[in-house]
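Geometric and topological summary
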Amino acid sequence: MSQNISDTYASQLQQMRTEVLAQLRAQRGGRVGRAESAAEARESASDDRATAETERDLAFGLEERESAELVAIDDALKRIADGSYGLCIDCGVAIAAARLHANPTALRCVACQEKAEQA
Ligand SMILES: [Zn+2]
């Protein structure tokens, strides 16, 4: 893979990273201290504790998924740095450019990904 193409993916990945971080920050900051949600919480305070717990679980799940995405992005950036980016981790074949473009954190070629998902 040529340097120019790697640079394109690197900047795309950096941009994804920034977006995921912004989402995580919005979730953390956005939920606490907002006047509306405080008012809502007061209104439904007598309702039940279960609803609040479900909402917390939901928020945690989101963060977990986005943290996983962040790890995948960092891995891809590492692979760009060491020159293994764009090669299938299972069979070593070059992953199709269209696939990488749609999913810059892809680790496997389509055939190996299908096998991995079936396993
Ligand atoms: Zn493969």
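Reading guide: rules and limits
- Counting of residues starts from 1 at the beginning of each chain's written sequence and follows it residue by residue.
- Only residues with pLDDT of at least 70 get local features here, since the model is predicted, and only at 80 or more are side-chain atom pairs given and counted; chain-wide, interface and lining totals rely on the full set of residues.
- With hydrogens and water excluded, all non-hydrogen atoms of the structure serve as input to the side-chain values.
- Sites may look incomplete because water is not among the atoms; the donors themselves are N, O and S atoms within 2.8 Å of the metal, or within 3.2 Å for Na, K and Ca.
- UniProt positions are given in the numbering used here, feature names are shortened, and annotations may be inferred rather than shown by experiment.
- Here a helix means four or more residues in a row that DSSP labels H or I, a strand means two or more in a row labelled E, and each is numbered from the N terminus.
- Partly exposed residues are those whose accessible area sits between 20% and 50% of the maximum for their type, while under 20% is buried and over 50% is exposed, using a 1.4 Å probe and protein chains only.
- In this tally, Lys and Arg are treated as positive and Asp and Glu as negative; His is ignored, and so are the chain termini.
- A pairing counts as a salt bridge when a side-chain nitrogen of Lys or Arg comes within 4 Å of a carboxyl oxygen of Asp or Glu.
- Working rule for contacts: check all heavy atoms of both residues, and any pair within 4.5 Å makes them a contact.

Right, let's talk about the coordination of the zinc ion for a bit. Coordination sphere of the zinc ion, protein contribution only: Cys88 (SG), Cys91 (SG), Cys109 (SG) and Cys112 (SG), at 2.3 Å. Of note, the zinc ion draws all its donor residues from one chain, in the sequence arrangement C-x2-C-x17-C-x2-C.

As a further point, take the UniProt feature "zinc finger region: dksA C4-type" (unreviewed entry) in the protein. Under the present numbering, the feature "zinc finger region: dksA C4-type" (unreviewed entry) in UniProt falls on residues 88–112. Secondary structure across residues 88–112 divides into 36% helix and 0% strand, with the first and last C-alpha atoms of the span separated by 8 Å.

Attention now goes to the UniProt feature "domain: Zinc finger DksA/TraR C4-type" (unreviewed entry) in the protein. The feature "domain: Zinc finger DksA/TraR C4-type" (unreviewed entry), as given by UniProt, occupies residues 83–118 in the numbering adopted here. Strand forms 0% of residues 83–118 and helix 42%; the C-alpha atoms that close the span are 29 Å apart.

Tracing the sequence through the fold places Arg99 in helix H4 (residues 97–102). As a buried residue without a salt bridge, Arg99 has its nearest oppositely charged side chain in Glu117, at a separation of 6.5 Å. Residues contacting Arg99, with those up to four places away along its chain left out, are Ala106, Arg108, Cys109, Val110 and Gln113.

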